Amino acid sequence: MDKWILITGGTKGIGRAVASCLAKAGYNLIVTYASDEEVAEKVSGELRDAFGVNVYSVRADISDRRSINAIDAFLAETDIRLDGLVFNAGLTCREPFERLTFEDWDRVFFANVHFPVFLLQRIVNRIRKGGSVVFTGSLMGIEPHSVSLAYGVTKSAVHALVKNLVKFLVPYEVRVNAVAPGFVDTEWQKTKPAEIRRNIESKVSLGRFCDPDELAEVYKILIENSYLNGEVVVVDGGYSYK
């Protein structure tokens, strides 16, 4: 039986690494993207060619409620039943607390909390029994950080959401977990000034950023291990060890 995984934000950064890891393991994929169709098609083609799996890309902006309908409609049209669902896409807002607007706050909450809740509600019946839902949380939802209040609070909410969803997903025989990454060496992180990177690395026991492929393996474990449920797995290399 073909196995299918849906990954939101699956064409860049962490999502791209997770997609590659799962495709290598033989999973067929549906990856969503916000707006960059050219990159999405390129990534989908590369995954198909490299691993011989089916890969669909679906445009779905997590800040737009209509994207829930778009994903639901695609699954209905293709009659795909999922073995896993990875909520990876997220938004942040880096405005200082004094300039943070209600609209900024609401936008981040919608993308990081409301969107996955109501997408899951819509498509949970399309997840096979024994299936797995994995959220991308964050170390910033555990260790308060001054960069983004909205992001940190929403990721804390994601961690709580995982714990609470366990009971609600029992009737569907679906597990739910989260990965809480620390600092991952995605393209966005690589643009940081060298001094800031060194400062971060000095706080990590392993002395470096996490490679996206290392992190992706944790998602694969949470999808495949049939007894992991309600966990928030922190992957931070021993951050703030000193």
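Residues numbered from 1 in each chain as written. Predicted model: local features only at pLDDT ≥ 70, side-chain atom pairs only at ≥ 80, totals over all residues. Heavy atoms only, no water.

Caption draft 1: Expanded view of the pattern of salt bridges. Under the defined criterion, the tally for this structure stands at 13 salt bridges. One salt bridge in this structure joins Lys12 and Asp36, with 3.7 Å as the shortest N-O distance. Residue Lys12 is found in the loop between strand E1 (4-8) and helix H1 (13-24), and its partner Asp36 is found in the loop between strand E2 (28-33) and helix H2 (37-51); the two are separated by 24 residues along the sequence. A salt bridge links Lys42 to Glu46, with the nearest nitrogen and oxygen atoms 2.6 Å apart. Placement of the pair is Lys42 and Glu46 together in helix H2, with a separation of 4 residues, close to one helical turn. On the basis of relative accessible area, Lys42 is assigned to the exposed category, the value being 53%. In this structure Glu46 comes out as partly exposed when scored by relative accessible area, which is 33%. The network of salt bridges with common partners includes Arg16, Lys42 and Glu46. (Salt bridge = Lys/Arg side-chain N within 4 Å of Asp/Glu carboxyl O. Helix = DSSP H or I, 4+ residues; strand = E, 2+ residues; numbered from the N terminus. Buried < 20%, exposed > 50% of the residue type's maximum accessible area, 1.4 Å probe, protein only.)

Caption draft 2: View of the sheet that holds strand E5 (residues 127-136). Read across the sheet, 7 strands follow the order E3-E2-E1-E4-E5-E6-E7 without closing on themselves; strand pairing throughout is parallel. Looking along the sheet, the strands with just one partner apiece sit at the ends: strand E3 (55-59) and strand E7 (232-235). Put simply, the sheet's adjacent strands are angled 20° from each other on average, direction ignored. Where strand E6 (residues 175-181) lies against E7, 4 bridges are found, and the strand directions are parallel. Residue pairing for E7: Pro181 is matched across the bridge by Val235. Relative to E3, H2 is tilted by about 165°, and along the sheet it contacts E2 and E3. (Pairing = 2+ DSSP bridges. Axes fitted to C-alpha atoms, helices over the stretch in contact; angles between N-to-C directions. Contact = heavy atoms within 4.5 Å.)

Caption draft 3: Broad picture of the layout of surface pockets. One number sums up the size of the second largest pocket: a volume of about 180 Å³. Elements supplying a minimum of two residues to the lining of the second largest pocket: helix H4 (102-123) and helix H5 (149-168). Along the lines of polarity and charge, the residues of the lining of the second largest pocket split into 8 nonpolar, 1 polar and no charged. (1 Å grid on protein atoms, 1.4 Å probe; cavity = no way out; pocket = protein on both sides within 12 Å on 5 of 7 lines; lining within 4 Å. Points joined across faces, edges and corners; volume = space filled by probe spheres on them. Nonpolar A, V, L, I, M, F, W, Y, C, P; charged D, E, K, R; others polar.)

Caption draft 4: Main features of unusual backbone geometry. Here the phi dihedral of Asp79 falls at roughly 55°; this positive angle occurs in a residue that is not glycine. Looking at the element boundaries, Asp79 is found in the loop between helix H3 (66-78) and strand E4 (82-87). On the accessibility criterion, Asp79 (58% relative accessible area) is exposed. In this model, Glu173 sits at a positive phi of 55°, which is unusual for a non-glycine residue. Positionally, Glu173 belongs in the loop between H5 and E6.

Caption draft 5: Expanded view of the state of the cysteines. Enumeration according to the criterion identifies 0 disulfides in this entry. In this model Cys21 remains outside any disulfide bridge; the closest cysteine sulfur is found in Cys210, 12 Å from its own. The class of Cys210 is buried, set by a relative accessible area of 13%. (Disulfide = S-S within 2.5 Å.)

Caption draft 6: Spatial organisation of the environment of Arg16. Residue position: Arg16 is located in helix H1. It is 8.6 Å that separates the C-alpha atoms of Arg16 and Pro212, two residues lying 196 residues apart in sequence.

Caption draft 7: The arrangement of the side chain of Thr136 in detail. Take Thr136: it is sitting in strand E5. In this structure the side chain of Thr136 is engaged in a polar contact, spanning 3.2 Å, whose partner is the side chain of Asn88. Setting aside anything within four residues of it in sequence, one finds Thr136 in contact with Phe87, Asn88, Lys155, Val158, Val179, Pro181 and Tyr219. (Polar contact = N/O pair within 3.5 Å; in protein donor to acceptor, adjacent residues only side chain to side chain.)

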